[in-house]
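Inside the fold
The lines below spell out each chain.
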Amino acid sequence: MEERKRPGRRPGSADTRGQILAAARETFAEKGFDKATIRGIARQAGVDPALVHHYFSGKEGMFVEAMNLPITPDIVLSAVTAVPREEVGERLVRLILTIVAEEGARQPLLALIRTAMTNEQMVVTIREFMTGALLNRVAEALDVPPIRMEAAFSQMFGVVLVRYVLKLEPLASVDIEDLVKLLTPTIQGYLDRPE
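Quantities reported herein were computed from a predicted structural model and do not represent experimental measurements. (Residues numbered from 1 in each chain as written. Predicted model: local features only at pLDDT ≥ 70, side-chain atom pairs only at ≥ 80, totals over all residues. Heavy atoms only, no water.)

Of the pockets and cavities examined, the largest pocket occupies roughly 840 Å³. Lining of the largest pocket is provided by 32 residues; of these, Leu109, Met130, Leu134, Phe153 and Phe157 occupy positions nearest its centre. Elements with a minimum of two residues in the lining of the largest pocket: helix H5 (73-81), helix H6 (88-101), helix H7 (103-118), helix H8 (120-142) and helix H9 (146-166). In terms of residues, the lining of the largest pocket owes the most to one element, H8, which gives 9 residues. (1 Å grid on protein atoms, 1.4 Å probe; cavity = no way out; pocket = protein on both sides within 12 Å on 5 of 7 lines; lining within 4 Å. Points joined across faces, edges and corners; volume = space filled by probe spheres on them. Helix = DSSP H or I, 4+ residues; strand = E, 2+ residues; numbered from the N terminus.)

Below is the structure:
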């Protein structure tokens, strides 16, 4: 009787998780976030899809790890829904500024931004991830129109670029707490429900 081959980890492979991440990076780069599937990534890595689920918390978690991002959409969602509505702007500003203040967390983000500036497929991938996995989810949780969430994100994105890429002074060296005080009213204004 012939022994049936079991799905899952390939024999002799010491770094299956790393192989899945490599396949994920390639698949996201080729197909974008929306069209990439766990089944397709598993096929590319030569493993069973159940093994991908074993290592990663879904497609979003795999994308975060494959792109070496410092934070997951679930953490952002938890952070902004754990405080009263009138404190969401401050929580969001502080969260973003604190994360990007750490060079180890900031460098992968800046590398992704730089890659997107010269690679149209990466722009599509980042846009799909940002809108579907993060911005729309947060907008829905806060019950604000997506355009307001995108405006808040673009404000923070601009601050990060000016502070860490262009390094314009005094923004580049001002204390995070001073920036939190400066930016919170604007971000909160985007997130308040329209009258």
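Cis geometry marks the peptide bond from Glu169 to Pro170, where omega comes out at 10 degrees. Relative to the assigned elements, Pro170 resides in the loop between H9 and helix H10 (176-191). Phi at Lys167 takes a positive value of approximately 55 degrees, unusual for a residue other than glycine.

Let's shift gears to the confidence of the model for the chain. Model confidence for the chain is summarised by a mean pLDDT of 86, while 91% of its residues fall at 70 or above. Taken element by element, the predicted model of the chain shows its lowest mean pLDDT in H7 (81) and its highest in H10 (96). Segment residues 8-12 is flagged for pLDDT under 50; beyond a separation of four residues in sequence, or across chains, it makes 11 contacts in the model. (pLDDT = per-residue confidence, 0-100. Contact = heavy atoms within 4.5 Å.)

Moving on, we get to the pattern of salt bridges. What the rule picks out here adds up to 5 salt bridges. One salt bridge connects Arg137 with Glu60, and the closest N-O pair in it is separated by 2.8 Å. With Arg137 in helix H8 and Glu60 in helix H4 (residues 58-66), this residue pair connects regions lying 77 residues apart in the sequence. The exposure class assigned to Arg137 is partly exposed, which follows from its relative accessible area of 25%. Classification of Glu60 by relative accessible area gives partly exposed; the value is 23%. Notably, a salt bridge pairs Arg137 with Asp74, separated by 2.8 Å at the nearest N-O pair. A residue pair is termed long-range when its members are at least 10 positions apart, and Arg137 in helix H8 and Asp74 in helix H5 qualify at 63 residues. The network of salt bridges with shared partners includes Glu60, Asp74 and Arg137. (Salt bridge = Lys/Arg side-chain N within 4 Å of Asp/Glu carboxyl O. Buried < 20%, exposed > 50% of the residue type's maximum accessible area, 1.4 Å probe, protein only.)

Remark: H6 packs on H10, axes separated minimally by 7 Å, with the N-to-C direction vectors making an angle of 135 degrees. It follows that H6 is oblique to H10 by the angle criterion. For the pair H6 and H10, the crossing hand works out as right-handed. Here Val88, Gly89, Glu90, Leu92, Val93, Arg94, Leu97, Thr98 and Ala101 of H6 lie close against H10, whose contacting residues are Ile176, Glu177, Leu179, Val180, Leu183, Thr184, Ile187, Gln188 and Leu191. (Axes fitted to C-alpha atoms, helices over the stretch in contact; angles between N-to-C directions. Parallel < 35°, antiparallel > 145°, perpendicular 65-115°, else oblique. Left-handed = near helix turned anticlockwise from the far one by under 90°.)

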